[in-house]
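The chain contents come next:
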Amino acid sequence: MRSIVLKTLALICLVSGTGAAQAQTLDPLFAGAYSLLDLGGPSGVPANLGGLTLKAGDSNRLLIGGAANGATGAIYDIGVTRDGGGHINGFSGSGVNFASAPNIDGGLAYGPGGVLFATTYSNNNLLQYKPGSIAPDKVIDLSILGIAPSTGTIQFTSTGAVIASYNASTFYSVGLTPDGLGTFNLTVGPSVTTPGGPEGIIYVPTGSDIFAALNPAANWMLVSEYSAGRVSAYEADSNGLPIGATRRDFITGLTGAEGAAQDPTNNDFLFSTFGGGNRVITVRGFAAPPATSAPEPGTLALVALGMTLPLVRRRRK
């Protein structure tokens, strides 16, 4: 109950500070190269929304957290529609329960071996699902590993993962080791703290307009910052962690910026909102994947993010 109260307070502060009619806006630096499309709320997925990712093996299905931060939280599966250019432009049908995920938060991503990972708030757990599972196969208490309560999010790099604590606004580099059961143990490495209350993370595809011009040698990341009501761009270090001094606005005027994902067919950026209409927004304009067949989300952790980072690559609350 505490997490819902804290999150509600954060939403009230955002709305009261900026007016009830929030309008997401690309920063002028990026507006000429990128465009936003608000898909609205996914039917059948209960508020509030959590993390999201395209489904492994079927990029016309979206997995997204529903009833986030609550005991009845779950991952839902819903179809998406695409326009003539292959970009997601809406939802198809109604969401169906894919797997239980109590307290799911802003992190939902496939890791090595097609294992699906989800973060939780406010109990600071990491859930792991083997392919085909409808309930977590492994639950890790991140506090025991030294990750400040509470997450937050997870995203994968070519050498491991990054986990971010929402409350502490701290990002941790994480290594993964197979546990012999089809899931993974974690080791926690370097960390860095930035403001904003991090939720979803993606890494910007190499060669994307504006980012490449700002610093052609840099690897960039986008972070959904719930507390700040924005998506921020950062240069990433060799561990996939944000370099705080490089922060730039990418999207502002948001209420409840939450999950983050990339469409493997075209590298469009998708993010969800916890509150703020509980909707999904897509951003187009990023450098496309190679002309060969696009990787599915299950391989994205080792392939697509490897292209982004050469060596690696709430709330509320």
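Scoring rules and cut-offs
- Residues numbered from 1 in each chain as written.
- Predicted model: local features only at pLDDT ≥ 70, side-chain atom pairs only at ≥ 80, totals over all residues.
- Heavy atoms only, no water.
- Helix = DSSP H or I, 4+ residues; strand = E, 2+ residues; numbered from the N terminus.
- Buried < 20%, exposed > 50% of the residue type's maximum accessible area, 1.4 Å probe, protein only.
- Areas by Shrake-Rupley, 256 points an atom, 1.4 Å probe, with all protein chains shown as cover.
- Core = buried A, V, L, I, M, F, W, Y, C linked by side-chain atoms within 4.5 Å.
- Contact = heavy atoms within 4.5 Å.
- Salt bridge = Lys/Arg side-chain N within 4 Å of Asp/Glu carboxyl O.
- Pairing = 2+ DSSP bridges.
- Patch = residues over 30% accessible without salt bridge, like charges linked within 9 Å, V, L, I, M, F, W, Y side chains within 5 Å.
- Axes fitted to C-alpha atoms, helices over the stretch in contact; angles between N-to-C directions.

So, the overall build of the protein
Within the protein, the secondary structure is distributed over 5 helices and 21 strands. Per-residue burial for the protein yields a buried fraction of 56% across its 317 residues. In the form shown here, the protein has an accessible surface area of approximately 11100 Å², with 57% of it arising from carbon and sulfur atoms.

Here we look at the nonpolar core
Core analysis: the biggest nonpolar cluster contains 20 residues, and Phe 211, Leu 222, Phe 250, Phe 269, Val 283 and Phe 286 have the highest contact counts within it. For this core, the secondary structure elements donating two or more residues are strand S16 (219-225), strand S17 (230-236), strand S18 (248-252), strand S19 (257-262), strand S20 (269-273) and strand S21 (280-284). Discounting residues that sit within four places of it in the chain, Phe 269 has contacts with Ile 202, Leu 222, Ser 224, Val 231, Phe 250, Ala 260, Ala 261, Ile 281, Thr 282, Val 283 and Phe 286.

Let's talk about the pattern of salt bridges
Evaluated as defined, the whole model comprises 8 salt bridges. Residues Asp 263 and Arg 82 are paired through a salt bridge, measuring 2.7 Å at the closest nitrogen-oxygen approach. Residue Asp 263 is located in the loop between S19 and S20, and its partner Arg 82 is located in strand S5 (residues 74-82); the two are separated by 181 residues in the primary sequence. Among the residues examined, Asp 263 registers a relative accessible area of 0% and is labelled buried. Overall, the relative accessible area of 22% leaves Arg 82 in the partly exposed class.

Some points on the pairing of strand S8 (residues 116-120)
A regular strand places its side chains so that they alternate between the two faces of the sheet. Counting buried positions along S8 yields 5 of 5 residues, so the element is predominantly enclosed. Neither face of S8 is left uncovered, since the one carrying Leu 116, Ala 118 and Thr 120 and the one carrying Phe 117 and Thr 119 both have all their residues buried. Relative to S8, strand S7 (residues 104-110) is paired through 4 bridges, and the arrangement is antiparallel. Paired with Leu 108 across the two strands is Ala 118, which belongs to S8. Connecting S7 to the antiparallel partner S8 that follows it, the hairpin turn spans 5 residues, and Gly 113 within it adopts a positive phi of roughly 70 degrees. With 4 bridges joining them, S8 and strand S9 (residues 125-129) adopt antiparallel strand pairing. Note that in S9 the partner of Thr 119 across the bridge is Leu 126. Hairpin geometry of S8 and S9 is characterised by an intervening segment of 4 residues between the two adjacent antiparallel strands and by a positive phi of about 60 degrees at Asn 124.

Considerations on a nonpolar patch on the surface
On the surface, Ile 144, Leu 145 and Val 188 cluster together into a nonpolar patch covering about 250 Å² of accessible area. With respect to the helices and strands, Ile 144 occurs in the loop between strand S10 (138-141) and strand S11 (151-156). Overall, the relative accessible area of 69% leaves Ile 144 in the exposed class.

Quick notes on the environment of Gly 276
Note that Gly 276 resides in the loop between S20 and S21. Considered as a pair, Gly 276 and Asn 48 are 228 residues apart in the sequence and their alpha carbons are 9.3 Å apart.

Side note on unusual backbone geometry
In the segment running from Pro 149 into Ser 150, the intervening peptide bond is cis, with an omega of -5 degrees. Here Ser 150 lies in the loop between S10 and S11. Looking along the chain, the bond that leaves Thr 151 and enters Gly 152 is cis, with omega of 5 degrees. Mapping Gly 152 onto the fold places it in strand S11. Its identity is not glycine, yet Ala 67 carries a phi of approximately 50 degrees, on the positive side. Looking at the secondary structure, you find Ala 67 in the loop between strand S4 (58-66) and S5. Here Asn 124, not a glycine, exhibits a phi torsion of approximately 60 degrees, which is positive. Among the residues examined, Asn 124 registers a relative accessible area of 0% and is labelled buried.

Quick look at the sheet that holds S9
Within a sheet, adjacent strands bond to each other through the backbone by hydrogen bonds, running parallel or antiparallel. Within the open sheet, the 4 strands sit side by side as S7-S8-S9-S10. Their pairing is antiparallel. Where the open sheet ends on each side, the last strands, each with one partner, are S7 and S10. Neighbour-to-neighbour, the strand axes of the sheet open up by a mean angle of 20 degrees, direction not taken into account. Bridging between S9 and S10 involves 4 bridges; their strand directions are antiparallel. Bridged to Leu 126 within S10 is Ile 140.

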